Amino acid sequence: MENSFKFTGLFKRRRRHHCNHGRKNNCGHGRGNSLIHAELNQEYTIKKIRADNDKIGNFLFSLGCFPGSKVTVVSKIANQYVIVIKNARYSIDKELAWCIVVD
Amino acid sequence: MKIALAGNPNSGKTTLFNAITGKIEKVGNWAGVTIAKKEASLKKSLNRYSQEITVVDLPGAYSMSPYTSEESITREFVANANPDVIVNIVDATNLGRSLFFTTQLIELGIPVVIALNKSDLAKKRKLRIDQELLAGELNCPVVAISAQNGLGLEGLVDRVIQAVGAKQLSAFSQGEISGIGEAKIRDLDEKRYRYVDEIVAKVELRDIKGDTTNIQDRLDRILANKWLGIPIFALIIWLVFSISQTYVGTYLADILVGWIDRFYSVVAGLMGANVSPILATLLLDGIIGGLGAVVGFLPLIMVLFFLLALLEDSGYMARVAMIMDRFFKWVGLSGKSIIPMIVGTGCAIPGIMATRTIQDDRQRRTTAMLTPFMPCGAKLPVIALFAGVFFEDASWVSASMYFLGITIIILSALIIRKITGDEKVNDYFIMELPEYRIPSVKRAAQSMLNQAKAFIVKASTIILLCNAAIQVMSTFTWQLEVVSQGNEASSILASVAAPFALILIPLGFGVWQLAAAAITGFIAKENVVGTLAVVFSITNFINVDELALVGGAGNIAGVMGLTSASALAYLAFNLFTPPCFAAIGAMNAELGSKKWLFGAIAFQLAMGYVVAFVIYQAGTLLQTGSTGQGFLWGLVAVGAIVATIAYLMFKRPNEPIRSKFQQG
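For clarity, every value in this text was computed on a predicted model and none was experimentally measured. (Residues numbered from 1 in each chain as written. Chains lettered and ligands numbered in written order. Predicted model: local features only at pLDDT ≥ 70, side-chain atom pairs only at ≥ 80, totals over all residues. Heavy atoms only, no water.)

On to the overall build of chain B. Tallying secondary structure elements over chain B gives 26 helices and nine strands in all. Out of the 664 residues belonging to chain B, those deemed buried represent 58%. Contacts in chain B between residues far apart in sequence, at least 24 positions, make up 75% of those at least 6 positions apart. Looking at chain B as shown, the accessible area adds up to about 27100 Å², and 62% of this sits on carbon and sulfur atoms. (Helix = DSSP H or I, 4+ residues; strand = E, 2+ residues; numbered from the N terminus. Buried < 20%, exposed > 50% of the residue type's maximum accessible area, 1.4 Å probe, protein only. Contact = heavy atoms within 4.5 Å. Areas by Shrake-Rupley, 256 points an atom, 1.4 Å probe, with all protein chains shown as cover.)

Rendered as structure tokens:
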């Protein structure tokens, strides 16, 4: 928590993943194809989950989304990615799509 | 004997629960409708055994692994309640994920019966499951059912009874897991998934693979479209309100009010002239009139609930969460925050309770305190009444109150985020997308009747009492003399409400009658209409002669002395001030902190006052070219509120309120 006064603006958008991952790689995120760059309707094998939050990693696991399992992106709508894991559809946001690294 | 229903979210546990117990618990076509366990006894027609059988419906879970906190509720329950049999509801169209949880349940040692739900849907999708092989693999009976259509329920109950006392063997055993590290558990769980995959490969025959873009996805692309999503949502909500208010609801309300009118005359006739006039007024105007005014709006509420239930059943609501995620993220809420708000359109209490699925403390509390800003069913009568009286039955009034609610929620969330300290939260959005389906009319009708029942119970108890009290208080002075004609301001009610009315002058409705109605609204929001009926001596608002919702609109508007600007301000005031006491109680339970609770109530009061002030003064300025009554005083008050909020927003953050949330 910052202790100094800082006006950050009301509509400050959190830009955690502000970089073009994979292209220039100066963001420290490391190369790797996340679901953000995945092609539609192509089955990928998950390589790793790079969430900075254990909870979401564990939750994804309970859905069957973990290294070694398969995932397909069927739609990209606005900032949402519709993915299929084990025949079930989920809508995830771009931040989460970035977390799922595939081959 | 006790049986527990367990399974993945949206696998149909509550639908099955309703089907076998005859209850009408809330169901919806999205994950996480059930948030607390429910108990009921098995329906007589299904229970051919001499013993009492209790069925327990549990919230859905994907896993029982010890590291997932939200799933520990299920684990704890199963451990504590010690059911004789667990019925594991498995979505037949999604074996691959569901069986993971099944294998964990089986390890508990309690007999498990698998109910293969949505088996009709699976058949339709050319999906075949070898039940016998599955039963053999897992060592437990498998029964194909369709909870929605009531198929296979007898067979399920029979298998459950047979299973009592049986020893549950587990084919897959991970052994003792307490005391071993998380990484190790993860390894074991991966093994478990591979085991499940093997079973699925053996027992399932899929002709159509479900992982390419299909017609549903194309529909999603339109309904959740970046630009079209919001306008479509707005159109649907407008349709819902206009059908319930302008067309069907009005027609039904006219019939109902006709009956109430006749009842009124019958009672009046029976009493004749011998009954004391005070008693006669209390009974006729206070009880029948006040109640009639409220109950007259019942058909509107019923039609609204019917339509909302259809919408919930269709699977569309999960798409609304998808659309809203973007906007809610801007203001520091979670996309999941929309679910409590949608639920809150029916009633704020289950809406507030639905915030439990939001993990982050600050987001959860913010959502809990803002959910009451949605126009709940109880606020509908006053909205419909004012729409009829002041806006010629325009259905845009209700729909715009709905969207004004969402707008104010987003604005408020922004303010609250600033006040509580803008800490970074890693809130990822993930939501299961249920398949679209033709909504069940039967279930929508059940939901509607359930609401109607609750409404009638409330009307005949608390609202009846309030109306009677209001009638007495407005009939007598403090000296217990009857208030004389033209001297209404000397009544007990007037003197109690008058100080509050003073505060409300800058909002355009500073008369004691309207103040009294706003106050009784805290007991139950339906009271607002009832109190208005009593204090303005209007027996019922709905006129049966004209096919319009509110008859003699001009007269009523004249009696109340409101302009359209002040009427709109009054609606906003009712919407954005604290909800009824019951909802405040729910807020207290979910916020879990007095500091948050009082903060929330103060914030709601401030918000209601400011919004009403702005609407009234700006509206009056537009209409007449000059500001309304009490502008200066109101400006001072609003200025003070805004300054306080601004101070809280931009002060140095010394002690963050939000502190407990830690990851992992």
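Our next topic: the confidence of the model for chain A. All names here are of chain A. Across chain A, the average pLDDT comes to 76, with 69% of residues at or above 70. Taken element by element, chain A is modelled with least confidence in helix α1 (residues 54-62), mean pLDDT 83, and with most confidence in strand β4 (residues 80-85), mean pLDDT 94. A low-confidence stretch, residues 1-8 stays under pLDDT 50, and its non-local contacts, those more than four residues away or across chains, total twelve contacts. Note that residues 12-29 has pLDDT below 50 and, in this model, 32 contacts with residues that lie over four places away or in other chains. (pLDDT = per-residue confidence, 0-100.)

All names here are of chain B. Strand order in the open sheet made by the six strands is β2-β3-β1-β4-β5-β7, with mixed pairing throughout. Single-partner strands in this sheet number two, and they are β2 (38-41) and β7 (142-144). Pairs of neighbouring strands in the sheet enclose a mean axial angle of 25°, with direction left out of account. Here six bridges tie strand β4 (residues 85-91) to strand β5 (residues 112-117), and the two strands are oriented parallel to one another. The residue bridging Val-87 from the neighbouring strand is Val-113, located in β5. Packing against the sheet, helix α5 (residues 131-138) makes contact with β5 and β7, and its axis sits at approximately 150° to β7. (Pairing = 2+ DSSP bridges. Axes fitted to C-alpha atoms, helices over the stretch in contact; angles between N-to-C directions.)

Let us look at the packing of aromatic side chains. Inspection of every chain in the model, using the stated rule, returns 20 aromatic pairs over all chains. With centroids separated by 5.9 Å and ring planes inclined at 75°, the aromatic side chains of Phe-61 of chain A and Tyr-193 of chain B adopt a geometry described as edge-to-face. Taken together, the residues span two chains, with Phe-61 of chain A in helix α1 and Tyr-193 of chain B in helix α7 (residues 182-203). With a centroid separation of 4.8 Å and an interplanar angle of 80°, the aromatic rings of Phe-509 of chain B and Tyr-570 of chain B are classed as edge-to-face. On the criterion of sequence distance, the pair formed by Phe-509 of chain B in the loop between α19 (492-504) and α20 (512-520) and Tyr-570 of chain B in helix α23 (residues 564-576) is long-range, its members being 61 residues apart. Looking at Phe-509 of chain B, the relative accessible area reads 1%, which means it is buried. Under the relative-accessibility criterion, Tyr-570 of chain B is labelled buried at 0%. Of the aromatic side chains, those joined through ring pairs into one cluster are Phe-233, Phe-241, Tyr-316, Tyr-402 and Phe-403 of chain B. Over the ring of Trp-98 of chain A we find Arg-50 of chain A; its NZ or CZ atom is 3.8 Å from the centre of that ring. Here the basic side chain of Arg-192 of chain B rests over the ring of Phe-100 of chain B, its NZ or CZ set 6.0 Å away from the ring centre. (Phe/Tyr/Trp six-rings, centres within 6.5 Å; stacked < 30°, edge-to-face > 60°. Lys NZ or Arg CZ within 6 Å of the ring centre and 35° of its normal.)

With that out of the way, let us pick up the pattern of salt bridges. Throughout the structure, instances matching the rule amount to 18 salt bridges over all chains. With a closest N to O distance of 3.3 Å, Arg-97 of chain B and Glu-432 of chain B form a salt bridge. Placement of the pair is Arg-97 of chain B in helix α3 (residues 95-106) and Glu-432 of chain B in strand β9 (residues 430-432), with a sequence separation of 335 residues. By relative accessible area, which is 2% here, Arg-97 of chain B ends up buried. Judged by relative accessible area, Glu-432 of chain B falls into the buried class, the value being 12%. Where Glu-204 of chain B meets Arg-206 of chain B, a salt bridge forms, and the shortest distance between an N and an O atom there is 3.0 Å. Classification of Glu-204 of chain B by relative accessible area gives buried; the value is 14%. Overlapping salt bridges bring together Asp-93 of chain A together with Asp-325 and Lys-329 of chain B as one network. (Salt bridge = Lys/Arg side-chain N within 4 Å of Asp/Glu carboxyl O.)

All names here are of chain B. Together, Tyr-247, Val-248, Tyr-251, Leu-252, Ile-255 and Trp-259 line one region of the surface with nonpolar side chains, adding up to about 640 Å² of accessible area. With respect to the helices and strands, the residue Ile-255 is situated in helix α9 (residues 229-271). Residue Ile-255 is classed as partly exposed on the basis of its relative accessible area, which comes to 35%. (Patch = residues over 30% accessible without salt bridge, like charges linked within 9 Å, V, L, I, M, F, W, Y side chains within 5 Å.)

Of all six residues in strand β5 (residues 88-93) of chain A, six are buried, a share of seventy percent or more. What you see with β5 of chain A is no split at all: Ala-88, Tyr-90 and Ile-92 of chain A on one side and Arg-89, Ser-91 and Asp-93 of chain A on the other are buried throughout. As paired strands, β4 of chain A and β5 of chain A are joined by six bridges and run antiparallel to one another. Within β5 of chain A, the position partnered with Tyr-81 of chain A by the bridge is Ile-92 of chain A. Between β4 of chain A and β5 of chain A, which follow one another and run antiparallel, lie two residues, and Lys-86 of chain A among them has a positive phi close to 45°. Pairing analysis gives three bridges linking β5 of chain A to β9 of chain B, with the strands arranged antiparallel. Bridging across to β9 of chain B, Tyr-90 of chain A finds its partner in Glu-432 of chain B.

In this section: the sheet that holds strand β1 (residues 33-34) of chain A. Reading across from one edge, β1(A)-β6(A)-β2(A)-β3(A)-β4(A)-β5(A)-β9(B) is the order of the seven strands in this open sheet, with antiparallel pairing throughout. The open sheet terminates on both sides in strands that have one partner only, identified here as β1 of chain A together with β9 of chain B. With three bridges joining them, strand β2 (residues 43-49) of chain A and strand β6 (residues 100-102) of chain A adopt antiparallel strand pairing. Following the sheet pairing, Ile-49 of chain A is matched in β6 of chain A by Ile-100 of chain A. Contacting β3 (70-77), β4 and β5 of chain A, helix α8 (residues 215-223) of chain B crosses the sheet at an angle of about 40° to β3 of chain A.

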